[in-house]
Each structure stands twice: as structure tokens, then as C-alpha cells.
Amino acid sequence: MNHKDNIKISTILNVVYSKIFLILKLSIFFQIPFILWLTLIQNDEYISKTIIKIEDTNNKKLSSGIDLIALSGINIQEDGAVSEIYEISRSLEFFEYFIEETNIPIQLIAAIPDKQNGWLIDSELYDQEENEWVRVVKYPLQTKPSAQELYEIFNEYFSSSIDPRTNYLKLSVEHFSPQISYYWLKTFLDKLIEYTRHKDRLKSAAIIDSYNKELVKIENKIIVKNLTEILTSNYLNNIISDALPSYKFNVLSMPFEPEFKENNKIMSFVVFSFVLYLFISIVIFFIYSPPRNISLSKIDRE
């Protein structure tokens, strides 16, 4: 093996160091289009947020009797209150309920930035005088947007998650208009409480009706006792749903109209891209302008 074909790691590092300014120039050159692209698409948005603790209205004391009741053939499911509310908040069914009798569909499609008032409705998309859609779209979209189209667009602004540490539900809306971000989130939360209350009332009414019928058939005193407790719990749930304005939603942080924009971590993208393009520049440098008498495939580490 010819020693001239070998090179130590330190030699490569010395070569890189000697050409560091050229490599940096290459990195910056490649990064400029990326930064320009980020600048064009990056809009510092206003974000309205809320944090909710979901209270499980089910009586925890009843869990000891559930197994016994299940043995009787009656189907009982324990609620995962937070997960259930989360899934409801992401469902198309609830979304249709949420936008019903609001001007949110118009804002979703036709709202555009305005320096004087913050936002306005694009007259080429929606005619406010005639109260009708005038936008031109291609099939399968329709002039009047469907719930599915509105749902997909809304999810570009809306975010929901369950904090794994606290099990709290977090909701947020990000928009160029602080008024819209607040209005959407406030309306979303109010409708979610209203929708959940209504669904739980229907569920409790169905359970009460079903278990009342089962009580007549069952002779086992322990099962009858536990069924009676479950019926009592569902009666109480109905009372609670009427008595508490927020029902099972303990809102720890109310939605608010943000006064300041939030940067979408653009700097992290810039730093990442710089490191990436620095690496690419080093590779390109060695491919197209390799140092003399250096073979990168044979490295003497001694």
C-alpha cells in the first residue's frame, strides 16, 4: 500500500480549516434561497390558547361493582373523559355543529389581511351585499364550500392535544388576525361544552331507561344495588349538566385575544438549514475540488 494514498484525519481537518471561508460562502450561497422561501411563507401569527381540565362526572365508587354487573350481561363502559372530549373535538360531526349559524365558514375561506381593520372579506370569494358565494372553483369543490372542505381548512389553523404529564386538554387557534383567532377558539370552546352536555344528557337518558327495564328482570341483590347506584349517578349527571355553566370543563386558562404575534420557530429552521448546507458544502468541496494527493477512501488513523 502506497503511503501517499493515505491521509490522517488531522490532515482532512486542516484542509477543511484552510478552506473554511470558501465553505462558509458556499453554505450561505445555498442557504439564501431557503431563507427567502421561509420569509415568503412565514407569517408571524396571533395564537389564542386555552387549557382545560376535564372533570370525570362518573362516580368513582361505582367501579367496584362494574365487574359484577358485567357478569349479568349488561354492557358497561368506563369513560376516558379526556380522550373522549379530544376525539369529539377532532370529529367532523362536531365541526359541523361548531360552524352552524356562525360566520366562521365565510372567514375561513374569504378572510384576508387588511392594514386598517386587521382583516376583511375578499369580495371575489364572497359577496356580502348579496350574502352569497361567488368564488370560482374546480370540481369536485363547489362554489359554496362543503363541511369537509371547511373542516380541512380549519385544521390548518386549529390545534388540540392532551398534555401527557397533566392530562389537560390544550386547544389553540393560530391566525393572522387576533380577533379571528380569539373568536374561533371562544366559539369552539362554548360549542364543545354545549355539544358534550347535550350528548351526555342523551347518554344518561338512554342508560336510565335501559337499566330501569333491567332492574325488573334481575334478582341478584348486589347487582340490583349497583344498578341503582348507577341510575342515581346518571340522575346526578343530568342535574350537574344543568347546574354548572361549564359542565365538566374546568377551564384553567380562558381564550384571549392576543396582542402580540408568535414566531413559528423560524430561527430553528435557519440554524438547522445552515448546518445542513454546511455539511453539503464540505461534501461538494471534496468532490469537485479534492486536495492533492488525498484519497478519502483510505484514511490512516495511526
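Residues numbered from 1 in each chain as written. Predicted model: local features only at pLDDT ≥ 70, side-chain atom pairs only at ≥ 80, totals over all residues. Heavy atoms only, no water.

> Before we go on, may I ask you to explain the overall build of the protein in this structure?
The secondary structure content of the protein amounts to 10 helices and 8 strands. Across the protein, contacts joining residues at least 24 apart in sequence account for 75% of those joining residues at least 6 apart. Of the roughly 19,600 Å² that the protein leaves accessible, carbon and sulfur atoms contribute 56%. (Helix = DSSP H or I, 4+ residues; strand = E, 2+ residues; numbered from the N terminus. Contact = heavy atoms within 4.5 Å. Areas by Shrake-Rupley, 256 points an atom, 1.4 Å probe, with all protein chains shown as cover.)

> Would you explain the sheet that holds strand β7 (residues 169–175) in this entry?
For sheets, the rule is that strands pair by backbone hydrogen bonds, running either parallel or antiparallel. The antiparallel open sheet is built from 4 strands, whose spatial order is β6-β7-β1-β8. Edge positions in the sheet fall to β6 (158–162) and β8 (249–253), since each has one partner strand and no second. Averaged over all pairs of adjacent strands, the angle between their axes in this sheet comes to 25°, without regard to strand direction. Bridge count for strand β1 (residues 46–54) against β7 is 7 bridges, and the pairing is antiparallel. When the bridges of β7 are listed, T50 appears paired with L171. Of the strands in this sheet, β1, β6, β7 and β8 are in contact with helix α4 (residues 81–89), which crosses β6 at around 165°. (Pairing = 2+ DSSP bridges. Axes fitted to C-alpha atoms, helices over the stretch in contact; angles between N-to-C directions.)

> Teacher, can you tell me more about the confidence of the model for the protein here?
The predicted coordinates should not be examined in detail at positions where pLDDT is low. A residue-level look at the protein finds 53% of positions with pLDDT of 70 or above and a mean pLDDT of 74. Long-range and interchain partners of residues 293–302, a stretch whose pLDDT sits below 50, account for 20 contacts in this model, where long-range means more than four residues apart. (pLDDT = per-residue confidence, 0-100.)

> What should I look at first to understand the pattern of salt bridges in this one?
As a working rule, side chains carrying opposite charge can pair if their charged atoms are close by. Applying the stated rule across the entire model yields 5 salt bridges. Between K199 and E93 there is a salt bridge whose closest N-O contact spans 3.2 Å. Linking K199 in helix α8 (residues 178–217) with E93 in helix α5 (residues 92–99), this pair joins segments that are 106 residues apart in sequence. Residue classification places K199 among the partly exposed residues on the basis of a relative accessible area of 34%. The salt bridge involving D200 is made with K248; its shortest N-O contact spans 2.9 Å. Taken together, the residues span a long stretch of sequence, with D200 in helix α8 and K248 in the loop between α9 (221–243) and β8 at a distance of 48 residues. Given the relative accessible area of 12%, D200 is considered buried. (Salt bridge = Lys/Arg side-chain N within 4 Å of Asp/Glu carboxyl O. Buried < 20%, exposed > 50% of the residue type's maximum accessible area, 1.4 Å probe, protein only.)

> Quick question: what am I supposed to make of the packing of aromatic side chains here?
Two descriptors summarise a pair of aromatic rings, namely the distance from one centre to the other and the angle between the planes of the rings. Taken as a whole and assessed by the stated rule, the structure comprises 15 aromatic pairs. Taking the centre distance of 5.9 Å and the plane angle of 55° together, the rings of F154 and W184 count as tilted. Linking F154 in helix α7 (residues 147–154) with W184 in helix α8, this pair joins segments that are 30 residues apart in sequence. Exposure class is identical for F154 and W184. Each is buried. (Phe/Tyr/Trp six-rings, centres within 6.5 Å; stacked < 30°, edge-to-face > 60°.)

> How do you make sense of the pairing of β1 when you look at a structure like this?
Along any regular strand, the residues point their side chains to alternate faces of the sheet. With 4 bridges connecting them, β1 and β8 associate as antiparallel partners. Pairing of I52 across the sheet is with V251, part of β8.

> Just checking my understanding: could you explain the environment of G80 for this structure?
By secondary structure assignment, the location of G80 is in the loop between α3 (63–71) and α4. Given a relative accessible area of 40%, G80 falls into the partly exposed group. Sequence separation of G80 and I54 is 26 residues, and the distance between their C-alpha atoms is 10.0 Å.

> Please explain the packing of α5 against α7 as it appears in this structure.
Relative placement of two packed helices is described by the angle separating their axes and the distance separating the axes. Two numbers describe how α5 lies on α7: the axes approach to 10 Å, and their chain directions differ by 95°. Here α5 is positioned roughly perpendicular relative to α7, judged by the angle of their axes. Here α5 contributes L92, F95, E96, F98 and I99 to the contact with α7, which in turn contributes A147, Q148, L150, Y151 and F154. (Parallel < 35°, antiparallel > 145°, perpendicular 65-115°, else oblique.)

> Which parts of the structure should I look at to understand the environment of P255?
In this structure, P255 sits in the loop between β8 and α10 (266–288). The class for P255 is buried, based on a relative accessible area of 9%. In this structure the C-alpha to C-alpha distance between P255 and L189, which are 66 residues apart in sequence, comes to 8.6 Å. Here P255 is in contact with S48, K49, T50, Y182, L185, K186 and L189, once residues within four sequence places are set aside.

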